[in-house]
Amino acid sequence: MKQSVSKMLYDQKKELDFRFKLYNHRWITEEHLNIQLNLTSSPQKTIMFCNAQKILRELTNRTFPDSVVKYSVFCFVIPVLVENCKNSVFNADDFLPVVIYIIIKTVPMDLLLNIDIITLFAVPSHVEIGENAYYFTTLMTAVKFIDQCTHSSFGLSQEEYFDLIDQSKTEIEQTIQTVSGSMKLLMNQIQCLSDKMNHFQNINCGSK
């Protein structure tokens, strides 16, 4: 029992560490991954890019053992996006960098857990053979790249790399402070409204 609990806690920590890594790399652009196209250079491309993000978020919100098929739906959107961006036939060399880019920009929930569940329980033919297997393998390769990436992965010096990460952390902290301030303001407004409602109720009760 203790071993199961510790394994679960370890997995949660691993998932959290991975999500922090995604947040810390939100500064990445297409150029950093040698993607020779702009994935959001027009309204149509932006819609397609956001659609890929939406599918990825939905997939990680609810998983069942055979979700590899659904991940294939996510991956299937990407060749269409790439072809639309460069107006030519999809090249497999474009695929992995774009998957990496979308994962980083989306920061999906419980992605590692989803992959573990699929690996353990999916229909073997779906993860070992055919198009679904290719897409799922690419997804796992993208996750491994993100998990192990360093400054050299993006053609940056160590100083440039850590400066960008520090900048990203600062932006996250500023966002948290802004959201926290907005929440406090909202709570004060709710409390003020509640006090006024109670006041009016007391007046009405007194008049009766």
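Residues numbered from 1 in each chain as written. Predicted model: local features only at pLDDT ≥ 70, side-chain atom pairs only at ≥ 80, totals over all residues. Heavy atoms only, no water.

For the rest of this paragraph, the subject is the overall build of the protein chain. Broken down by element type, the protein chain carries 8 helices and 0 strands. Counting from the amino terminus, the protein chain carries its helices and strands in the arrangement α-α-α-α-α-α-α-α. Each of the 208 residues in the protein chain was classed as buried or not, and the buried ones make up 34%. At a minimum sequence separation of 6, the contacts of the protein chain that also span at least 24 residues come to 75%. With the model as given, the accessible surface of the protein chain reaches about 13,100 Å², and the carbon-plus-sulfur share is 58%. (Helix = DSSP H or I, 4+ residues; strand = E, 2+ residues; numbered from the N terminus. Buried < 20%, exposed > 50% of the residue type's maximum accessible area, 1.4 Å probe, protein only. Contact = heavy atoms within 4.5 Å. Areas by Shrake-Rupley, 256 points an atom, 1.4 Å probe, with all protein chains shown as cover.)

The next point concerns the environment of Asp11. Tracing the backbone through its elements, the reader meets Asp11 in helix α1 (residues 2–24). On a C-alpha basis, the gap between Asp11 and Leu113 in space is 7.6 Å, while along the polypeptide they are 102 residues apart.

The next point concerns the packing of helix α5 (residues 111–121) against helix α7 (residues 130–148). The relative placement of two packed helices comes down to the angle between their axes together with the axis-to-axis distance. Where α5 contacts α7, the two axes come as close as 11 Å, and the packing angle between them is 140°. One way to sum up the angle between α5 and α7 is to call them oblique. Classified by chirality, the crossing of α7 by α5 is left-handed. Packed against α5, whose contacting residues are Leu111, Leu112, Ile115, Ile118 and Thr119, the element α7 presents Phe136, Leu139, Met140 and Val143 at the interface. Broken down by class, the residue content of the contact of α5 with α7 amounts to 8 nonpolar, 1 polar and no charged. (Axes fitted to C-alpha atoms, helices over the stretch in contact; angles between N-to-C directions. Parallel < 35°, antiparallel > 145°, perpendicular 65-115°, else oblique. Left-handed = near helix turned anticlockwise from the far one by under 90°. Nonpolar A, V, L, I, M, F, W, Y, C, P; charged D, E, K, R; others polar.)

Next up on the list: the layout of surface pockets. Considered as a void within the structure, the largest pocket measures approximately 210 Å³ in volume. Looking at the lining of the largest pocket, the elements that each hand over two or more residues are α1, α5 and α7. Counting residues per element, the lining of the largest pocket draws most heavily on α7, at 5 residues. Residue classes in the lining of the largest pocket are distributed as 5 nonpolar, 1 polar and 4 charged. (1 Å grid on protein atoms, 1.4 Å probe; cavity = no way out; pocket = protein on both sides within 12 Å on 5 of 7 lines; lining within 4 Å. Points joined across faces, edges and corners; volume = space filled by probe spheres on them.)

Attention now moves to the nonpolar core. Judged by nonpolar contacts, the single largest core of 45 residues is most densely connected at Phe74, Ile78, Val99, Ile102, Ile103 and Phe154. Of all the secondary-structure elements, those providing two or more residues to this core are α1, α2 (43–61), α3 (68–86), α4 (92–106), α5, α7 and α8 (158–207). (Core = buried A, V, L, I, M, F, W, Y, C linked by side-chain atoms within 4.5 Å.)

Throughout the structure, instances matching the rule amount to 2 salt bridges. In this structure, Asp17 engages Lys13 in a salt bridge whose closest nitrogen and oxygen atoms are separated by 2.9 Å. Of the two residues, Asp17 and Lys13 both sit in helix α1, 4 residues apart, roughly one turn of that helix. When its relative accessible area of 39% is taken as the criterion, Asp17 is described as partly exposed. Two residues, Asp116 and Lys14, come together in a salt bridge whose shortest N-O distance is 3.9 Å. Of this pair, Asp116 sits in helix α5 while Lys14 sits in helix α1, placing them 102 residues apart in sequence. The exposure class of Lys14 is partly exposed, given its relative accessible area of 30%. (Salt bridge = Lys/Arg side-chain N within 4 Å of Asp/Glu carboxyl O.)

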